[in-house]
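Fold and contact review
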Amino acid sequence: MNIELKTATLADIDEVLALHYKYQVDTISEEDKADGFITTAFTEEHLSGLITQENGLFVACINQKIVAYAMAASWAFWSQWPMFQFMIKNLDDSTLSNHIITQENSYQYGPVCVEKSVRGKGVFEYIFNYALEEMSSRYPVMVTFINKINIRSFEAHTKKTCLEVINTFKFNNNNYYKLACHTKNKKSPNSQEID
Ligand SMILES: CC(C)(COP(=O)(O)OP(=O)(O)OC[C@H]1O[C@@H](n2cnc3c(N)ncnc32)[C@H](O)[C@@H]1OP(=O)(O)O)[C@@H](O)C(=O)NCCC(=O)NCCS
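This section reports on the structure supplied with the text. All values reported here derive from a predicted model rather than from experimental measurement. (Residues numbered from 1 in each chain as written. Predicted model: local features only at pLDDT ≥ 70, side-chain atom pairs only at ≥ 80, totals over all residues. Heavy atoms only, no water.)

1. Observations concerning the site of the ligand
Test applied: Any residue with a heavy atom lying within 4 Å of a molecule or strand is counted as near it. We define a polar contact as two N or O atoms separated by no more than 3.5 Å, with the added condition that, inside protein, one atom must be a possible hydrogen donor and the other a possible acceptor, whereas residues neighbouring each other in sequence contribute only through side-chain atom pairs. Computed with a 1.4 Å probe, the accessible areas rest on the Shrake-Rupley method; for each residue, only the protein chains presented here act as cover. Think of it this way: any DSSP run of H or I at least four residues long counts as a helix, any run of E at least two long counts as a strand, and we number them from the N terminus. Think of it as three bins: nonpolar holds Ala, Val, Leu, Ile, Met, Phe, Trp, Tyr, Cys and Pro, charged holds Asp, Glu, Lys and Arg, and polar takes everything else, Gly as well.
Contacts to the ligand come from 19 residues, most closely from Val112, Val114, Asn150, Arg152 and Lys160. For the ligand, a nitrogen atom lies 2.8 Å from a polar atom in the backbone of valine 112. Relative to its unbound accessible surface of 940 Å², the ligand loses 73% to contact with the protein. The element contributing the most residues to the shell around the ligand is helix 6 (residues 151-160), with seven residues. Across the shell around the ligand, the residue classes break down as nine nonpolar, four polar and six charged.

This is the structure in structure tokens:
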């Protein structure tokens, strides 16, 4: 099975939204919740902004079907959501190996989503590394956050990528890990094969 990685275009929005709403908190099935969910309810308008202003939507396709997406964008783009306004305000509360993190030298990655049928098969590492590589020419540092109740996402990101926990924080009664990495610091080539 071949995996194709690409930067999404406007033509991909409908398929990405279909994948997104399968695992978004308001529409995910009860049985899938334990493997993580996405909180933000993205609209077509949000995604077209992400694509046209930021070139920040990355997708993985198998047999021409989108099976994963990852988002990445400037803090200016994310500032339309209160959660990110909070993160921006507190960007300087931690460093990455003594490097100061600013709105100019960093961007925010996430959410990421992998279709349930291909989880645990290396698709996560492919889409993560692809998004990181694409953003590395624009920013030296990537920042993200993971809800402490999303154990699967935390395990995947801390075991299979170069991200490290740099702080924790609370927002809207949820507890989060704050993570960061240098964008040129790809952990390793994908070790797993897609079968
Ligand atoms: C989070 C996500 C992108 C990770 O991709 P994935 O393909 O599922 O990741 P993997 O299966 O390769 O890695 C997950 C790891 O967590 C482990 N894991 C899963 N559930 C676990 C649990 N309850 N406790 C401890 N470890 C757990 C898995 O065993 C695996 O580690 P292993 O490969 O060493 O066994 C995917 O599960 C997903 O899209 N979830 C729904 C949306 C989401 O939560 N997105 C992230 C938030 S923005």
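2. Some thoughts on helix 2 (residues 44-54)
Applied cut-off: Accessibility here uses a 1.4 Å probe with only protein chains present; expressed as a share of the type maximum, an area under 20% marks a residue as buried, one over 50% as exposed, and anything in between as partly exposed. What makes two residues a contact is simply this: any of their non-hydrogen atoms within 4.5 Å.
Where helix 2 is concerned, the buried positions are His46, Leu47, Gly49, Leu50, Ile51 and Glu54. Where helix 2 is buried, its residues touch helix 1 (13-22), strand 2 (57-62), strand 3 (65-73) and helix 3 (75-78). Looking at the residues trailing helix 2, positive phi occurs at asparagine 55, about 50°.

3. A word on helix 6
Formally: It is the directions from the helix axis to the C-beta atoms that the arc portrays.
Looking only at helix 6, the buried set comprises Ser153, Phe154, Ala156 and His157. Considered in projection along helix 6, the buried side chains sweep an arc of 165° and stay on one side of the axis. Among the exposed residues of helix 6, those pointing more than 90 degrees away from its buried face are Ile151 and Lys159.

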